[in-house]
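The primary structure of each chain is shown beneath.
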Amino acid sequence: MTLLLCCAFSVSASGHEVSQSDSRLEVHGHEVRVAFRLNLLELGYVDANGDGFISYEELDNSIGRVYADIKRHYVLQGPALPIQSTLERYGVIEDHVLDAEIVYEFPQEVTQLRVTSTLDQITRPGHQHLTSANLNGTVHEAVLNAANPTAVFSPDDASTLRTFWSFFSLGIMHIFTGYDHLAFLVCLLIVTTNLGSLIKIITSFTVAHSITLALATFNIVVLPTRLTESVIALSIVYVALENLLGIRAIERYRITFLFGLAHGFGFSNVLREMDLSRLHLGLSLFSFNLGVEIGQLAFVFVLFPLILYIATVSWRRQFQKAVSLVVMGVATYWFVQRAFMI
C-alpha cells in the first residue's frame, strides 16, 4: 500500500491543481457574444521563454494558433452552425490567463444552443470547462469535461437539474483528484480502529470544511490561496507526525475540525475561480459539496475495512509508520512548493 500511495500522490505535486476554463454566453438575436478564459500555460507553446508568465508579446505571437485551437475544441451550434466567428478582443490577466471576447454570427435567430468542449485534448485530461448561457433571460450552466463534453441549452429545459448534476459530478471528481485531501484522510484513518472514532472524525471534517466552503464561495470570508494551500499541506504533515510519534496533542476529531476549516477554503478555490453566476450559486455550492461528501464517503468505505484488517496483524505499527512517513514526505514537498515556489 505504501508503494501505491507513493505513485498516487506523485501524480500531482501540487495536490489538487485544477485544470479549468470558462465561457459566458450572451444571446442577442442572431449573435452570440462569448467571454472566454483559458490558462495559456497549459497550451505549452505560448510561454516561449518558459518563465511561467505570459507577456503580451508572447500572446500576440501565438494568438493565431490559440484562436485556431479554441475554434477547433470549443464549438457552438444553434439551430444551425454559425456563419462566422470573430475574435473581437484578447488580453492576459493574472499573468497567464487568456481573457478574450468572441462573437458568433448565426444565419437565424438563436433559440437554443449546443456547446461542446474538447479542450481537455489540448490542455490536460482532467480539464473542466464551465459554461453559462443567458438565453432569453434564463441563465443555464454546465460543467463540460472528457466524460461529458456537450450541453444543450433551450428555454424549456431543466436547467436546475443540469446545474445540480454538473456540480455534483465536479465535487466527486474533485475529491478523487484532490490528492492532498485524500492524504489527509489516509493519515487520519490509518490509526483509527473503531467505528465511533471514524464517525466523529468524518463528521468533524465534513462540518468544518462545509462551513468555510460556504463562507468563501459567497465571498464572506476569503483567504489568500497561497496561505490556505500551505496550511492544508502543513495539516497533513502534522497528522502524519503524530502518527509517527504515537502522540495526540488533542483528540483527533478536534484537530480534524480545525484543519478541516482550511481544507474548506481549499475546496472553495474551484468554485470561486469559476466566477459563478449569483442565480445558481447556492445550488452550485450545495451540489458540489454533496459530491465532495459522496466521494469522501466512498473513499472511506473502501479504505476502512483494509485498515481494520491491518489492525489485527503483528506488523500494523510498522505499516502505520511507513505510510505516515511517505505521506509526510510528500506533504512537506507540497508545503515548500506552495509557500515558497508558486
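Keep in mind that what you see is a predicted model, and the values were worked out from it rather than measured.

K.L.:
What should I look at first to understand helix 6 (residues 225-245) in this one?
P.N.:
The periodicity of an α-helix, 3.6 residues per turn, causes residues three or four places apart in sequence to face the same way. If you check helix 6, its first and last C-alpha atoms are 30 Å apart, about what 21 residues at 1.5 Å a residue would give, namely 30 Å. G246 sits one or two residues past helix 6 and shows a positive phi near 70°.

K.L.:
How should I be thinking about the environment of F335 in this particular structure?
P.N.:
Along the polypeptide, F335 turns up in helix 9 (residues 316-341). Judged by relative accessible area, F335 falls into the partly exposed class, the value being 21%. As for F335 and I190, which are separated by 145 residues in sequence, their C-alpha atoms are 22 Å apart. With sequence-adjacent residues up to four places away left out, F335 is seen in contact with S230, A233, L234 and F340.

K.L.:
Is there a simple way to explain the sheet that holds strand 9 (residues 150-153) in this structure?
P.N.:
In a beta sheet, neighbouring strands are held together by backbone hydrogen bonds and run either parallel or antiparallel to one another. Strand order in the open sheet made by the 3 strands is 3-6-9, with antiparallel pairing throughout. Looking along the sheet, the strands with just one partner apiece sit at the ends: strand 3 (74-77) and strand 9. Adjacent strand axes in the sheet meet at a mean angle of 15° when their direction is disregarded. Docked against the sheet, helix 2 (residues 56-73) engages strand 3 and strand 6 (113-117), running at close to 50° with respect to strand 3.

K.L.:
Explain empty space enclosed by the protein here, please?
P.N.:
Space left empty within the atom packing is revealed by a probe, the size of a water molecule, rolled over the atoms. The final tally for this structure, using the stated rule, is 2 cavities of 30 Å³ or more. The space that makes up the second largest cavity amounts to roughly 40 Å³. Considering the residues around the second largest cavity, the lining is formed by A216, V222, L223, T228, F265, S268, N269 and R272. Considering every element that reaches the lining of the second largest cavity, the biggest residue donor is helix 7 (residues 252-273), with 4 residues. For the lining of the second largest cavity, the residue count by class is 4 nonpolar, 3 polar and 1 charged.

K.L.:
Looking at this model, I keep getting lost on unusual backbone geometry. Mind explaining?
P.N.:
Glycine aside, a negative phi is what most residues show, and trans is what most peptide bonds show. The backbone of D95 sits at a positive phi, close to 75°, despite the residue not being glycine. Its place among the elements puts D95 in the loop between strand 4 (84-93) and strand 5 (97-105). Positive phi, normally seen in glycine, also occurs at N219, with a value near 60°. Mapped onto the secondary structure, N219 falls in the loop between helix 5 (195-217) and helix 6.

K.L.:
Looking at this structure, how should I read the side chain of S132?
P.N.:
With respect to the secondary-structure elements, S132 resides in strand 7 (residues 128-135). The exposure class assigned to S132 is buried, which follows from its relative accessible area of 8%. In this structure, S132 is in contact with S23, R24, L25, H140 and E141, ignoring residues within four places of it in sequence.

K.L.:
Just checking my understanding: could you explain the packing of helix 4 (residues 179-189) against helix 6 for this structure?
P.N.:
Interhelical geometry of helix 4 versus helix 6 gives an angle of 20° and a closest axis separation of 9 Å. Here helix 4 is positioned roughly parallel relative to helix 6, judged by the angle of their axes. For the element pair helix 4 and helix 6, the recorded crossing hand is left-handed. Contacts between helix 4 and helix 6 involve D180, H181, A183, F184, C187 and L188 from the first element and E229, I232, S235, I236, V239, A240 and N243 from the second.

K.L.:
Which parts of the structure should I look at to understand the confidence of the model for the protein?
P.N.:
Should pLDDT be low for a region, the predicted coordinates there are not to be read in detail. On average, residues of the protein score 87 in pLDDT, and 91% of them are at 70 or above. Note on residues 1-14: pLDDT under 50 across the span, and 25 contacts to partners over four residues away in sequence or across chains.

K.L.:
Help me understand the packing of aromatic side chains, please; the structure alone is not making it clear to me.
P.N.:
Aromatic rings in a pair are described by how distant their centres are and how their planes are angled relative to each other. Applying the stated criterion to the full structure yields 9 aromatic pairs. Centroid distance F164 to F168: 5.8 Å. Interplanar angle 10°. Geometry classified as stacked. Here F164 pairs with F168, and both are found in helix 3 (residues 159-177), just 4 residues apart, close to one helical turn. Overall, F164 belongs to the partly exposed group, its relative accessible area being 24%. Geometrically, the ring pair formed by F184 and F259 is edge-to-face, given 6.4 Å between the ring centres and 90° between the ring planes.

K.L.:
Please clarify how the packing of helix 5 against helix 8 (residues 281-310) should be interpreted in this entry.
P.N.:
In a pair of packed helices, the angle between the axes and the distance between the axes together describe the arrangement. As a packed pair, helix 5 and helix 8 sit with axes 11 Å apart at the nearest point and diverge in direction by 155°. Considering the angle they form, helix 5 stands roughly antiparallel to helix 8. Both helix 5 and helix 8 take part in a crossing whose hand is right-handed. Residues L198, I202, F205, T206, H209, S210, L213, A214 and T217 of helix 5 form the contact with helix 8, whose participating residues are L281, L285, F288, N289, V292, E293, Q296, L297, V300 and F304. Its residues placed into classes, the contact of helix 5 with helix 8 shows 12 nonpolar, 6 polar and 1 charged.

K.L.:
Looking at this structure, I do not really get the pairing of strand 3. What am I missing?
P.N.:
Along a regular strand, successive side chains alternate from one face of the sheet to the other. Here strand 3 shows a buried face lined by Y74 and L76 and an unburied face lined by V75 and Q77. For strand 3 and strand 6, the ladder comprises 4 bridges, and the chain directions are antiparallel. Residue pairing for strand 6: V75 is matched across the bridge by T116.

K.L.:
Please explain the sheet that holds strand 2 (residues 31-39) as it appears in this structure.
P.N.:
Taken in spatial order, the 6 strands make up an open sheet running 4-5-2-1-7-8, and their pairing is mixed. Edge strands, defined here as strands with exactly one partner in the open sheet, are strand 4 and strand 8 (138-144). The mean angle between the axes of side-by-side strands here comes to 15°, regardless of whether they run parallel or antiparallel. Pairing geometry for strand 2 and strand 5, over 9 bridges, is antiparallel. Looking across to strand 5, one finds that N39 is bridged to V97. Taken strand by strand, helix 2 contacts strand 2, strand 4 and strand 5, and its axis lies near 140° from that of strand 4.

Criteria and cut-off values
- Residues numbered from 1 in each chain as written.
- Predicted model: local features only at pLDDT ≥ 70, side-chain atom pairs only at ≥ 80, totals over all residues.
- Heavy atoms only, no water.
- Helix = DSSP H or I, 4+ residues; strand = E, 2+ residues; numbered from the N terminus.
- Expected span 1.5 Å × (residues − 1).
- Buried < 20%, exposed > 50% of the residue type's maximum accessible area, 1.4 Å probe, protein only.
- Contact = heavy atoms within 4.5 Å.
- Pairing = 2+ DSSP bridges.
- Axes fitted to C-alpha atoms, helices over the stretch in contact; angles between N-to-C directions.
- 1 Å grid on protein atoms, 1.4 Å probe; cavity = no way out; pocket = protein on both sides within 12 Å on 5 of 7 lines; lining within 4 Å.
- Points joined across faces, edges and corners; volume = space filled by probe spheres on them.
- Nonpolar A, V, L, I, M, F, W, Y, C, P; charged D, E, K, R; others polar.
- Parallel < 35°, antiparallel > 145°, perpendicular 65-115°, else oblique.
- Left-handed = near helix turned anticlockwise from the far one by under 90°.
- pLDDT = per-residue confidence, 0-100.
- Phe/Tyr/Trp six-rings, centres within 6.5 Å; stacked < 30°, edge-to-face > 60°.

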